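Chains, contacts and geometry: an overview
Okay, here's what each chain looks like letter by letter:
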Amino acid sequence: FANPLLYKMAAEHPATFNDITVGTNKCTSFLCTGCTGFEATAGWDAATGMGTPNLKEMLAYLSAKNGMAVPSQTIKDAANKMQQRVNK
């Protein structure tokens, strides 16, 4: 049941997601006929949703807004490593 929290994060602290504004999820296979897909746009869109997560900002948001303990350096380092994978 993460959706309410994710949408709240996106609304209150937009930096928790990297907005994807270019691209499409249209099918390009010769087997697709009549597939329309969706274009990426600023903000939420059907192609990319809210965008890709920014884990460092999510940790900061959770610490500040939900009374979560400040993440340890180990957790921050793990989040940075995961973020590098997301950004590839």
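Since this is a predicted model, take the numbers as computed values, not measurements.

Our focus in this paragraph is the environment of Ile 20. With respect to the helices, strands and loops of the structure, Ile 20 is situated in the loop between β1 (17-18) and β2 (52-53). Classification of Ile 20 by relative accessible area gives partly exposed; the value is 28%. With 24 residues separating them in the primary sequence, Ile 20 and Trp 44 have C-alpha atoms 8.9 Å apart. For Ile 20, the residues in contact, after removing those within four places along its chain, are Ala 40, Thr 41, Asp 45, Thr 48, Gly 51 and Thr 52.

The next subject is the side chain of Asp 45. With respect to the secondary-structure elements, Asp 45 resides in the loop between β1 and β2. The side chain of Asp 45 is buried and forms no salt bridge, while Lys 26, the nearest opposite charge, is found at 12 Å. Looking at Asp 45, its side chain comes within polar contact range of the main-chain nitrogen of Thr 41, at 3.1 Å. Among the polar contacts made by the side chain of Asp 45, one reaches the main-chain amide nitrogen of Thr 48 at a distance of 2.7 Å.

For the structure on display, the rule yields one salt bridge. For Glu 39, the salt bridge goes to Lys 26, with nearest N and O atoms at 3.1 Å. Placement of the pair is Glu 39 in the loop between β1 and β2 and Lys 26 in the loop between β1 and β2, with a sequence separation of 13 residues. Residue class for Glu 39 comes out partly exposed when judged on its relative accessible area of 46%. By relative accessible area, which is 38% here, Lys 26 ends up partly exposed.

Residue placement: Leu 59 occurs in helix α2 (residues 55-65). Relative accessible area serves as the criterion here: at 18%, Leu 59 is assigned to the buried category. A sequence separation of 24 residues divides Leu 59 from Gln 83, and the C-alpha atoms of the two residues are 12 Å apart. For Leu 59, the contacting residues outside a window of four places in its chain are Met 68, Pro 71, Ile 75 and Ala 79.

What counts as what
Residues numbered from 1 in each chain as written. Predicted model: local features only at pLDDT ≥ 70, side-chain atom pairs only at ≥ 80, totals over all residues. Heavy atoms only, no water. Helix = DSSP H or I, 4+ residues; strand = E, 2+ residues; numbered from the N terminus. Buried < 20%, exposed > 50% of the residue type's maximum accessible area, 1.4 Å probe, protein only. Contact = heavy atoms within 4.5 Å. Lys, Arg positive; Asp, Glu negative; His and termini not counted. Salt bridge = Lys/Arg side-chain N within 4 Å of Asp/Glu carboxyl O. Polar contact = N/O pair within 3.5 Å; in protein donor to acceptor, adjacent residues only side chain to side chain.

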